[in-house]
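Descriptive analysis of the structure
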Amino acid sequence: MPNDEQDTIAHLLQVEEEAAELISQAQIEGEKEINAARVKADSDYNQKYESMASQMESEYNEKIAQIEKSHKNQLDEYKSQIEQTPKDIDTFNKFLEKIL
């Protein structure tokens, strides 16, 4: 009987060692999968980030171009109005003589 108990204990120890090895392999495989998923997630994030940043920069540049065009048009319109304003040189000269 004692031999059967020793065999049973030895078998249980062997099963425990095999289980520990399986757990160790599962942890290693799990870490590999987690690392691969992390690399993929980082890659996806960077790709989406670059895409969004590029789109936003493009929209920003378009908006700047629109504002510059609008500003130029307003400035040209103002210059045109000033150039078309009649000039009263006589009154202006009289005013200068008065203040000087």
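This text follows the structure it describes.
Residues numbered from 1 in each chain as written. Predicted model: local features only at pLDDT ≥ 70, side-chain atom pairs only at ≥ 80, totals over all residues. Heavy atoms only, no water.

**Comments concerning the pattern of salt bridges**
Overall, the coordinates contain two salt bridges when judged by the stated rule. Lys40 is the salt-bridge partner of Asp44, the closest N and O atoms lying 3.1 Å from each other. Here Lys40 and Asp44 lie together in helix H1 (residues 2–84), a separation of four residues that amounts to about one turn. Overall, the relative accessible area of 29% leaves Asp44 in the partly exposed class. With a shortest N-O distance of 2.8 Å, Lys72 and Asp76 are connected by a salt bridge. With Lys72 and Asp76 both in helix H1, this residue pair falls four residues apart, about one helical turn. Overall, Asp76 belongs to the partly exposed group, its relative accessible area being 36%. (Salt bridge = Lys/Arg side-chain N within 4 Å of Asp/Glu carboxyl O. Helix = DSSP H or I, 4+ residues; strand = E, 2+ residues; numbered from the N terminus. Buried < 20%, exposed > 50% of the residue type's maximum accessible area, 1.4 Å probe, protein only.)

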